[in-house]
Amino acid sequence: MKLSKMKKWSGGVLIASLFMLLVLRYGIMTGPIVGSPISNTFLNSTNPLEWLNSGYQPAVKNPESNTHVLTDVLVTSLFTPKNFSEEEQKSLKTWTYLSQLIGNVGVLPNAVEAIKEAKVAWDSLMTSVQEEKLNSTNESSQLKMKEKQCPPFLDKMNATEFGDSGYKLRIPCGLVQGSSVTIIGIPSGILGNFRIDLTGSPLPGEPDPPVVLHFNVRLHGDKITDDPVIVQNTWTLAHEWGEEERCPSPVSDNNKTVDGLHMCNEMVGKNDTQRFMGNKNYNSSQRSSMAQERFKPRQFFPFKQGHLSVATLRVGAEGLQMTVDGKHITSFAYRESLEPWLVSEVRISGDLKLVSVLASGLPISEDLDHIVDLESLRAPSLPRKSLDLFIGVFSTANNFKRRMAVRRSWMQYDAVRSGAVAVRFFVGLHKNQIVNEELWNEARTYGDTQLMPFVDYYSLITWKTLAICIFGTEVVSAKFVMKTDDDAFVRVDEVLSSLNRINVTQGLLYGLINSDSRPHRDTDSKWYITPEEWPEETYPPWAHGPGYVVSSDIAKTVYNSHTKGQLKMFKLEDVAMGIWIAEMKKKGLNIKYDHDDRIHNEGCKDGYVVAHYQGPRELLCLWEKLQEHQRAVCCGER
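As a starting point, this report considers the structure included with it. (Residues numbered from 1 in each chain as written. Predicted model: local features only at pLDDT ≥ 70, side-chain atom pairs only at ≥ 80, totals over all residues. Heavy atoms only, no water.)

What follows deals with the overall build of the protein. Helices and strands together make up the secondary structure of the protein, namely 16 helices and 27 strands. For the protein, buried positions account for 55% of its 638 residues. (Helix = DSSP H or I, 4+ residues; strand = E, 2+ residues; numbered from the N terminus. Buried < 20%, exposed > 50% of the residue type's maximum accessible area, 1.4 Å probe, protein only.)

So, in structure tokens, the structure goes:
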């Protein structure tokens, strides 16, 4: 599915104790010794978590955390009608329709947590909204609202004084694809071991936050190896530690990649003598002398005790990438429910003399006071007549830049501006109040956003598919309903032309059809499916999520099945639509599967109908190319 006051030890007793711990490390410890320049917060071993420091103990599992029962008070709080203005009501058109999800929260992972967290987030947001209305004429209140905006970057330069629990950098609005966290420091102390952790906010009643990424550098090895190693993992209260990933890996997994990059650079742990022996700047006698005296065979490792390192964690589409001194070292795929938007803090601890920390590329909302073309970006009013096409766009709360890029690019098609095609973003609530406030203001300003009554975990995107079907049939009457993502460029004109060409108005699934796929059985995969969730070896035909279209009768049947409690929820939304359609087919509906390979699941090719994985700059570039060439030309090409 994807970053985490120097305490100087003195006195003979402490030094002796540390020395004894060092000697005993291989026998009884799996990580760094307590008492580093930046003190330990926690570490993990190959076994379940071994906690250090009395100040950071694992919480006792909450027996209610896995319950599938939600109280009437919770439901009432989320769905009680409020005195909203007309502009505010525009973003809640599907809200009450989704109240029936409450009775079926046990089906999808994280559903209970998502509803509980949504209740807390919604109450806080409504309190803030009311305060804003009461203080709308108060200049100091307006200034406070301005200060709440999500910053584009954060930095701590000359970072030399930290508390006992290490250094913590708060990330106020989460991370998005393209965000990065750079840590400059020197591995030091007794061992030079240190950790970088990207943590989220703990659930209500839980003292310890989930760990989206645990990046653990062990310069002197651990129980498994005497050689330096990097261990990556995740931690949640419900599942404790996941399966750790080691670099270098003790097993051969060279074929595994994340965002096209190896999970561990093949150079890590390899003998690096050849690097010097092959250097053309030295003659053979020099190379021989160097090899014998100064450059004896040693293993390459990106961190070295006493040497300055610049380490950067970057947020990719599939996972997190770590580079050290400009070289890619590791990749770590997102795991279920642990996604970059969730990150609220970077924690650095261990034997690291920290110099500076910088977080950049952070999500930031538009300054509405400085948008000169605001009217051209507002969603047109919904027509009373039937729409040709309704397009629902999946987005997450802090993806402000992506939504703005979509508004400025393919949402400027004549068909959209005229009202023949309507486009809406479907966005769940965030755990961060600042993000929710920015999202609320954005929704009121543009009128193109539908808020969802749950926190936006990836495992719950099927609920958004349901909401899109509801909007396309109950809020508006559309002939066709399309689903896409906020990092996809949709050629609206070509989608309409394709639907006219197909000339099928009932039982249609149009898109990049996959007719022979199997469920992922790897437990650490973002798309992992248990045999209980799907016992069969293959899926029925389905269309890839970046862009597919269903006819109105299919969308209507999806909603009707939901109201009757007969809709099978499945956490992969595009596959779920295929499953639902297969059930309709069994009941006698004549289904037309129309495959279009111009819908690209990854990247862009000339002549595209949908191009996926396009960042904000690429979306704007593709729109400019269309205006310039009057044909679908990918960016970077003529």
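This is not the end of the story, as more comes after the structure.
Among the nonpolar cores identified, the biggest contains 157 residues, and Trp122, Phe303, Leu389, Trp410, Trp463 and Val492 are the most heavily contacted of them. Those residues in contact with Trp410 that lie beyond four places of it in its chain are Ile391, Val393, Val416, Val423, Thr484, Ala488, Phe489, Val490, Val492 and Trp623. Formed by five residues, the second largest nonpolar core is a distinct cluster that contains Leu374, Leu377, Met404 and Tyr446. (Core = buried A, V, L, I, M, F, W, Y, C linked by side-chain atoms within 4.5 Å. Contact = heavy atoms within 4.5 Å.)

Our focus in this paragraph is the packing of helix H12 (residues 461–475) against helix H14 (residues 552–563). At a minimum axis distance of 9 Å, the contact between H12 and H14 shows a crossing angle of 115°. When you trace H12 past H14, the crossing you get is left-handed. Where H12 approaches H14, its residues Leu466, Cys469, Ile470, Thr473 and Glu474 are matched on the opposing element by Ser552, Ala555, Lys556, Val558, Tyr559 and His562. A class-by-class count of the residues in the contact of H12 with H14 yields six nonpolar, three polar and two charged. (Axes fitted to C-alpha atoms, helices over the stretch in contact; angles between N-to-C directions. Left-handed = near helix turned anticlockwise from the far one by under 90°. Nonpolar A, V, L, I, M, F, W, Y, C, P; charged D, E, K, R; others polar.)

Turning our eyes to something else, we now look at the state of the cysteines. Summed over all chains, the structure comprises four disulfides. Note that Cys150 is cross-linked by a disulfide to Cys173, the S-S spacing being 2.1 Å. Residues Cys150 and Cys173 share a disulfide whose torsion about the S-S bond is about -80°; that sign makes it left-handed. Pair noted here: Cys150 is in the loop between helix H5 (139–147) and strand S1 (154–156) and Cys173 is in the loop between strand S2 (167–170) and strand S3 (180–187), with a separation of 23 residues, a long-range link. This pair shows no difference in class: Cys150 is buried, exactly as Cys173 is. Shown here is the disulfide that connects Cys247 with Cys264, its sulfur atoms set 1.9 Å apart. Looking along the S-S bond of the Cys247-Cys264 disulfide, the torsion reads about 70°, which is the right-handed sense. Pair noted here: Cys247 is in strand S8 (residues 245–247) and Cys264 is in the loop between strand S10 (261–262) and helix H6 (273–277), with a separation of 17 residues, a long-range link. The burial state of Cys247 is the same as that of Cys264; both residues are buried. Numbered by order of appearance in the sequence, the disulfide-linked cysteines of the protein pair as 1-2, 3-4, 5-7, 6-8. (Disulfide = S-S within 2.5 Å.)

What follows deals with empty space enclosed by the protein. There is about 70 Å³ of room inside the largest cavity. Lining the largest cavity are Ala379, Pro380, Ser381, Leu382, Pro383, Leu387, Val416, Gly419, Val421, Ala422, Val423 and Arg424. Of the residues forming the lining of the largest cavity, the biggest block, four residues, is contributed by strand S17 (residues 421–429). Partitioned by chemical class, the residues of the lining of the largest cavity number nine nonpolar, two polar and one charged. A volume near 50 Å³ is recorded for the second largest cavity. Contributing to the lining of the second largest cavity are Ile183, Gly185, Pro187, Phe194, Ile196, Phe303, Ser309, Val310, Ala311 and Leu352. Those elements giving two or more residues to the lining of the second largest cavity turn out to be S3, strand S4 (194–200) and strand S11 (309–315). Its residues placed into classes, the lining of the second largest cavity shows eight nonpolar, two polar and no charged. (1 Å grid on protein atoms, 1.4 Å probe; cavity = no way out; pocket = protein on both sides within 12 Å on 5 of 7 lines; lining within 4 Å. Points joined across faces, edges and corners; volume = space filled by probe spheres on them.)

All right, on to the sheet that holds S1 then. The strand order across the open sheet formed by six strands is S1-S15-S3-S11-S12-S13, and the pairing between neighbours is antiparallel. Looking along the sheet, the strands with just one partner apiece sit at the ends: S1 and strand S13 (327–333). In this sheet, neighbouring strand axes are inclined to one another by 20° on average, regardless of whether the strands run parallel or antiparallel. Strand direction decides the pairing type here: strand S12 (residues 319–324) and S13, joined by six bridges, are antiparallel. The residue of S13 that forms the bridge with Met322 is Thr330. (Pairing = 2+ DSSP bridges.)

Within the secondary structure, Ser91 is located in the loop between helix H3 (86–89) and helix H4 (111–134). Here Glu88 takes part through its backbone oxygen, which lies 2.9 Å from a polar atom of the side chain of Ser91. (Polar contact = N/O pair within 3.5 Å; in protein donor to acceptor, adjacent residues only side chain to side chain.)

Further remarks concern helix H15 (residues 573–586). Between its first and last C-alpha, H15 extends 20 Å over 14 residues, near the 20 Å set by a 1.5 Å rise per residue. Looking at the residues trailing H15, positive phi occurs at Gly588, about 110°. (Expected span 1.5 Å × (residues − 1).)

Within strand S14 (residues 343–350), eight of the eight residues are buried, leaving the element largely enclosed by the surrounding structure. Alignment of S2 against S14, held across four bridges, turns out to be antiparallel. Within the sheet, the bridge partner assigned to Arg170 lies in S14 and is Glu345. Taken together, the seven bridges between S4 and S14 define a ladder with antiparallel strand orientation. By the bridge assignment for S14, Phe194 is matched with Gly350.

Taking 1.5 Å per residue as the helical rise, helix H16 (residues 616–629) with its 14 residues ought to reach 20 Å, and the 20 Å between its terminal C-alpha atoms agrees with that figure. Of the residues making up H16, those classed as buried are Leu619, Leu622, Trp623, Lys625 and Leu626. For H16, the arc enclosing every buried residue in end-on projection is 160°, short of the 170-degree limit, so these residues lie on one face. Exposed residues lying more than 90 degrees from the buried face of H16 are Arg617, Glu624 and Glu628. Where the residues of H16 are buried, they touch helix H9 (400–408), strand S20 (489–490) and strand S27 (610–611). Note on H16: the residue one or two positions beyond its end, Gln630, has a positive phi of about 60°. (Arc of directions from axis to C-beta.)

This brings us to the packing of H9 against helix H11 (residues 433–446). Close contact between H9 and H11 brings their axes to 12 Å; oriented N to C, the two are set at 15°. Comparing their axes, H11 and H9 come out roughly parallel. In this structure, the crossing between H9 and H11 has a hand that is left-handed. Touching Phe400, Arg403, Met404 and Arg407 of H9 are Val435, Glu438, Leu439, Glu442 and Tyr446, all from H11. (Parallel < 35°, antiparallel > 145°, perpendicular 65-115°, else oblique.)

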